[in-house]
Amino acid sequence: MIGLISATSAGAAARDRLAAAWPERTRVYEGPVGDAVRAAFAECEQLVCFLATGAVVRLVAPLLGDKSSDPGVVCVDEGGRFAVSLVGGHGGGANELAREVGELLSAEPVVTTATDAVGLPGLDTLGFPVEGDVAAVSRALLDGEPVALKADFPWPLPALKVTEEGEYRVRLTDRLVTATEREVVLRPPSLVVGVGASKGAPVDEVLGLIEGALRDAGLSAASVAELATVDAKSEETGIVGAAQRLGVPLVTYSAGELASVEVPNPSDAPLAAVGTPSVAEAAALVRGGELLVPKRKSERADGLPAMATCAVVRRPARGRLAVVGLGPGARDLLTPRAKAELRRASVLVGLDQYVDQIRDLLRPGTRILESGLGAEEERARTAVAEARQGQAVALIGSGDAGVYAMASPALAEASDDIDVIGVPGVTAALAAAALLGAPLGHDHVSISLSDLHTPWEVIERRVRAAAEADIVVTFYNPRSRGRDWQLPKALAILAGHREPTTPVGVVRNASRPDESSRLTSLGSLDPATVDMMTVVTVGNTATRDIAGRMVTPRGYRWQTAEEGAR
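The shown structure was predicted, so the numbers you read here are calculated from the model rather than taken from an experiment. (Residues numbered from 1 in each chain as written. Predicted model: local features only at pLDDT ≥ 70, side-chain atom pairs only at ≥ 80, totals over all residues. Heavy atoms only, no water.)

A description of the overall build of the chain should follow, citing residues and the corresponding values.
In terms of regular secondary structure, the chain is built from 19 helices and 28 strands. In terms of overall dimensions, the chain has a C-alpha envelope of 95 × 65 × 55 Å along the principal axes. Counting only residues that meet the buried cut, the chain has 47% of its 566 residues in that class. Element-wise, carbon and sulfur atoms account for 51% of the exposed surface of the chain, whose accessible area totals about 26300 Å². (Helix = DSSP H or I, 4+ residues; strand = E, 2+ residues; numbered from the N terminus. Buried < 20%, exposed > 50% of the residue type's maximum accessible area, 1.4 Å probe, protein only. Areas by Shrake-Rupley, 256 points an atom, 1.4 Å probe, with all protein chains shown as cover.)

Okay, here's the thing in structure tokens:
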């Protein structure tokens, strides 16, 4: 919960905007400011104070305890110009909150945390438990000193300025090790614990078994990603309680799924009880991995039969491929989600001119694999191959990556051994439509006129279908020096079903500094004025030129009314 505190009417107005935008995330604290800050500090994970930073410093100073547990505090000035991350930049999430508040209130986020200021990921913000000398290793990264990355196995990390050797070290491991001097240990969520339990098994027995199995195998409980069991045990108190106390989710599988998993230690007892010869080992192994701890039973001091079993598996890291749409070109049309994925990636794959658009957003140390026009399939294969090696990869394309861009060839290459995340972007058709007015107000279709990958016979059939169905058409790749006859042919097909006065919008380089747009008609458009940087939108029979804007109504009432008047 985010506590909101203000002292003046101007602050209250901005406070209320946040409260309205985030009704489930925020709570307004009224009354004397000092009392409000103290109450919010005790009850909330974060605070946004619409007060002077000096006043907030004096109010929160006596309340500060430990940076790992203190709430994040953001200050917004009376004029709403700045959102200052004051306390708990990383641990309390104040840096990210300042950015969110700034975006919502059109304020400039002010973040002074050293790593954030220079674009480096904080070692305590990678989403993993972290141990060791975080301050010293972070300082070494900031100072450009050699910092070695020692990973026991591949894992998708954001870009880090690391080397093979160095006096400082970042170690990624799930082993039960203690960080040495000048070392940070990152705990990836690599371990899955399969659990079986008899009805009524105590939480302490289940938890003690798990913790003992991990300890004896030299594994860290901080790397446990989840507990897994059979569906029939999804509400077993001992298993549910153990998951809660470990702070990990409980995942369940059907008996049929578990019965199909080959395990080293099957048993008749679980087969009779829940329909599978293995629960603990099968639940841990069902999604693959290396069995580190075979089935192990709990031990009871009273000498009675064990009520719990567990097994531990290390799952291989799944590489991460984010297919990112950069939008039509303008930076303010690049979505926050796209920016986040670019900063999360350790490897960027893309067309050289698109890489140049966003190079400044990448974290130092990001490995860039760029190539020129015509290498789409090769870029897709490269991105998938990097992800299969356990990397965090961003594959970029213009507009929306799923529209005439990189998502299709990438997903054709990718199998289920990597995680694929699609990041939508503003398409060229949408950017052009916004400049023209509202040409896509009714049914519409996008058709690429490039016959480099699609036979012209197929393209022509699609254009005829759109013409006969009276659908608004947006043409991508309309005309190049080597393909100068396709657009006239397509326009002629549409002209067989629409009047010469049908509005046509022509937009070049939408959202870029040299953008241009004009409204003409089907009978007047000169194809020679169109090139590959242009999007051409042809209206349907209801589309109109209204005050110089291209408008397609949501229905056909306008057309019906005009015909009635005639």
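Structure shown, so let's carry the discussion forward.
Explain the pairing of strand S24 (residues 503-508) to me, using residue names and the numbers behind them.
Among the six residues that make up S24, five are buried, leaving the element largely enclosed by the rest of the structure. In this structure, S24 lies alongside strand S25 (residues 516-521), joined through six bridges in antiparallel fashion. Pairing of Val506 across the sheet is with Arg518, part of S25. Bridge count for S24 against strand S26 (residues 534-538) is five bridges, and the pairing is antiparallel. For Gly505, the partnering residue across the bridge sits in S26 and is Thr537. (Pairing = 2+ DSSP bridges.)

With reference to specific residues and values, describe the sheet that holds strand S9 (residues 168-172).
The strand order across the open sheet built from four strands is S7-S10-S9-S8, with neighbouring strands paired in mixed fashion. Two strands bound the open sheet, and with one partner strand each, they are strand S7 (130-132) and strand S8 (147-151). Put simply, the sheet's adjacent strands are angled 20° from each other on average, direction ignored. Across four bridges, the pairing between S9 and strand S10 (residues 183-186) is parallel. (Axes fitted to C-alpha atoms, helices over the stretch in contact; angles between N-to-C directions.)

How would you summarise the nonpolar core if you had to cite specific residues and measurements?
Val193, Val206, Ile210 and Leu227 are the most contacted members of the largest nonpolar core, which totals 23 residues. Within the residue set of this core, elements represented by two or more residues are strand S11 (191-197), helix H7 (203-216), strand S12 (224-230), helix H8 (237-246) and strand S15 (308-314). Among the elements that line this core, the one with the most residues is H7, at six residues. Excluding its chain neighbours within four sequence positions, the residues that come into contact with Ile210 are Val193, Val195, Leu227, Ala242, Leu246 and Cys310. Leu449, Trp456, Val473 and Leu525 belong to the second-largest nonpolar core, a separate cluster that totals 21 residues. (Core = buried A, V, L, I, M, F, W, Y, C linked by side-chain atoms within 4.5 Å. Contact = heavy atoms within 4.5 Å.)

Outline the pattern of salt bridges, supporting the account with residue identities and numerical values.
Enumeration over the complete set of coordinates arrives at 32 salt bridges. Of the charged contacts, one joins Arg27 and Glu43 as a salt bridge, the two residues approaching to 3.2 Å between their closest N and O atoms. Taken as a pair, Arg27 in strand S2 (residues 26-28) and Glu43 in helix H2 (residues 33-43) lie far apart in primary sequence, 16 residues in all. Accessibility expressed as a relative area gives 36% for Arg27, which makes it partly exposed. According to the relative accessible area criterion, Glu43 is partly exposed, its value standing at 46%. Between Arg314 and Asp174 there is a salt bridge, and its shortest N-O distance comes to 2.8 Å. (Salt bridge = Lys/Arg side-chain N within 4 Å of Asp/Glu carboxyl O.)

Give me the packing of aromatic side chains: which residues, what numbers.
Within the structure shown, the criterion is met by three aromatic pairs. Ring centres of Tyr404 and Tyr476 lie 4.7 Å apart, and the angle between their planes is 55°; on these two criteria the pair is classed as tilted. Here Tyr404, found in the loop between strand S19 (392-397) and helix H15 (407-413), pairs with Tyr476, found in strand S23 (residues 472-476); they are 72 residues apart in sequence, far enough to count as distant. The buried category is assigned to Tyr476, whose relative accessible area is 10%. In this arrangement the basic side chain of Arg25 is found over the ring face of Trp22, its NZ or CZ atom lying 4.3 Å from the centre. (Phe/Tyr/Trp six-rings, centres within 6.5 Å; stacked < 30°, edge-to-face > 60°. Lys NZ or Arg CZ within 6 Å of the ring centre and 35° of its normal.)

Can you lay out the sheet that holds strand S5 (residues 82-87) for me, pointing to particular residues and giving the numbers?
One open sheet holds the six strands; their spatial order is S2-S1-S3-S4-S5-S6, and the pairing between them is mixed. Since the sheet does not close on itself, it has two edges, and those belong to S2 and strand S6 (108-110), each with one partner. Across the sheet, the mean angle from the axis of one strand to that of its neighbour is 25°, orientation sign disregarded. Here three bridges tie strand S1 (residues 2-6) to S2, and the two strands are oriented parallel to one another. For Ile2, the partnering residue across the bridge sits in S2 and is Thr26.

Can you lay out the side chain of Glu226 for me, pointing to particular residues and giving the numbers?
One can find Glu226 in strand S12. Judged by relative accessible area, which is 9%, Glu226 ranks as buried. At 3.1 Å, the side chain of Glu226 and the side chain of Arg315 are in polar contact. Those residues in contact with Glu226 that lie beyond four places of it in its chain are Leu191, Val192, Val193, Val248, Pro249, Val251, Tyr253, Arg287 and Arg315. (Polar contact = N/O pair within 3.5 Å; in protein donor to acceptor, adjacent residues only side chain to side chain.)

Tell me what's going on with the packing of helix H1 (residues 9-21) against helix H4 (residues 94-105), and back it up with residues and numbers.
When two helices pack together, their arrangement is given by the angle between the helix axes and the distance between those axes. Here H1 crosses H4 at 105°, and the two axes come no closer than 11 Å. Judged by the inter-axis angle, H1 sits roughly perpendicular to H4. In contact with Ala14, Arg17, Leu18 and Ala21 of H1, H4 contributes Val101, Leu104 and Leu105. Of the residues belonging to the contact of H1 with H4, the class tally is six nonpolar, no polar and one charged. (Parallel < 35°, antiparallel > 145°, perpendicular 65-115°, else oblique. Nonpolar A, V, L, I, M, F, W, Y, C, P; charged D, E, K, R; others polar.)

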